[in-house]
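Secondary and tertiary structure notes
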Amino acid sequence: MHATVGNRIHIKGHGAGMNQTGEIMEVRGPDGAPPYLVRFPDGHQTLVYPGPDCVIESGTPEN
């Protein structure tokens, strides 16, 4: 998995309403590899090591 700053990450949850989407703020691995520092819409930031239930989308959300 490869990403750049500004990409969006979609994390699929295992229950109703458990899906999350956040913006990649920092790429800490070499050549776009994980881990990624991700900011979620509520302002929470966390380091994400994406698994097979994650999808990277290029671009940033429109305001």
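These lines cover the structure that appears in this document, whether it is placed above or below. Just so we're clear, the structure is a prediction, and the values are computed from it rather than from any experiment.

**So, unusual backbone geometry**
Trans peptide bonds make up the majority, and among non-glycine residues the majority have a negative phi. For the peptide bond that leads from proline 34 to proline 35, omega is 10°, which places it in the cis range. Its identity as a non-glycine residue notwithstanding, aspartate 31 has a phi of 55°, on the positive side. Tracing the backbone shows aspartate 31 in the loop between β2 (20-27) and β3 (36-39). The exposure class assigned to aspartate 31 is exposed, which follows from its relative accessible area of 72%.

**With respect to the sheet that holds strand β1 (residues 8-11)**
Two pairing modes exist for strands in a sheet, parallel and antiparallel, and in both the strands are linked by backbone hydrogen bonds. Sheet architecture is open: five strands sit in the order β4-β3-β2-β1-β5, paired in antiparallel fashion. Edge positions in the open sheet fall to β4 (45-48) and β5 (54-57), since each of these has one partner strand only. Within this sheet the neighbouring strands show an average axis-to-axis angle of 35°, counted without direction. Relative to β3, β2 runs antiparallel, the two being bridged by four bridges. Note on β3: the bridge partner recorded for valine 27 is tyrosine 36.

**With respect to the nonpolar core**
Ala3, Ile9, Ile11, Ile24, Tyr36, Val38, Phe40, Val48 and Cys54 together form the largest nonpolar core, which totals nine residues. Counting residues per element, the ones that place at least two in this core are β1 and β3. Beyond its immediate sequence surroundings of up to four residues, cysteine 54 is in contact with Met1, Ile9, His10 and Ile11.

**Notes on the pairing of β1**
Working note: regular strand, side chains alternate between the two faces of the sheet. Residues of β1 alternate between two faces, with Ile9 and Ile11 buried on one and Arg8 and His10 left unburied on the opposite face. As judged from the four bridges shared by β1 and β5, these two strands associate in the antiparallel manner. In the strand pairing of β5, isoleucine 11 is matched with cysteine 54.

**Examining the pairing of β4**
Examined bridge by bridge, β3 and β4 share four bridges and lie antiparallel to one another. Looking at the pairing, leucine 37 lines up with leucine 47 of β4.

**Things to note about the pattern of salt bridges**
Counted by the stated rule, this structure contains two salt bridges. Where glutamate 23 meets arginine 39, a salt bridge forms, and the shortest distance between an N and an O atom there is 3.4 Å. On the criterion of sequence distance, the pair formed by glutamate 23 in strand β2 and arginine 39 in strand β3 is long-range, its members being 16 residues apart. When its relative accessible area of 33% is taken as the criterion, arginine 39 is described as partly exposed. With its nearest N and O atoms 2.8 Å apart, the salt bridge here joins glutamate 26 to arginine 28. According to the relative accessible area criterion, glutamate 26 is partly exposed, its value standing at 33%. Note on arginine 28: relative accessible area 46%, which makes it partly exposed.

Each value, and the rule that gives it
Position labels on residues start from 1 in each chain and follow its written sequence. Whole-chain, interface and lining totals are the exception, using all residues; otherwise, since this is a predicted model, local features are given only for residues with pLDDT of at least 70 and side-chain atom pairs are given and counted only at 80 or more. Excluded from the side-chain calculation are hydrogens and water; included are all heavy atoms of the structure. Only runs of H or I of at least four residues qualify as helices and only runs of E of at least two qualify as strands under DSSP, and these elements are numbered from the N terminus. We call a residue buried when its accessible area falls under 20% of the maximum for its residue type, exposed when it is over 50%, and partly exposed in between, using a 1.4 Å probe and counting protein chains only. Two strands are counted as paired when DSSP detects at least two bridges linking them. Fitting a line to C-alpha atoms yields each axis, with helices limited to the stretch in contact; the angle taken between N-to-C directions then spans 0 to 180 degrees. Joining through side-chain atoms within 4.5 Å is the link that ties buried Ala, Val, Leu, Ile, Met, Phe, Trp, Tyr and Cys residues into a set, and such a set is a nonpolar core. Any pair of residues with heavy atoms lying within 4.5 Å of one another is described as a contacting pair. Each salt bridge in this description consists of a side-chain nitrogen of Lys or Arg and a carboxyl oxygen of Asp or Glu lying within 4 Å of one another.

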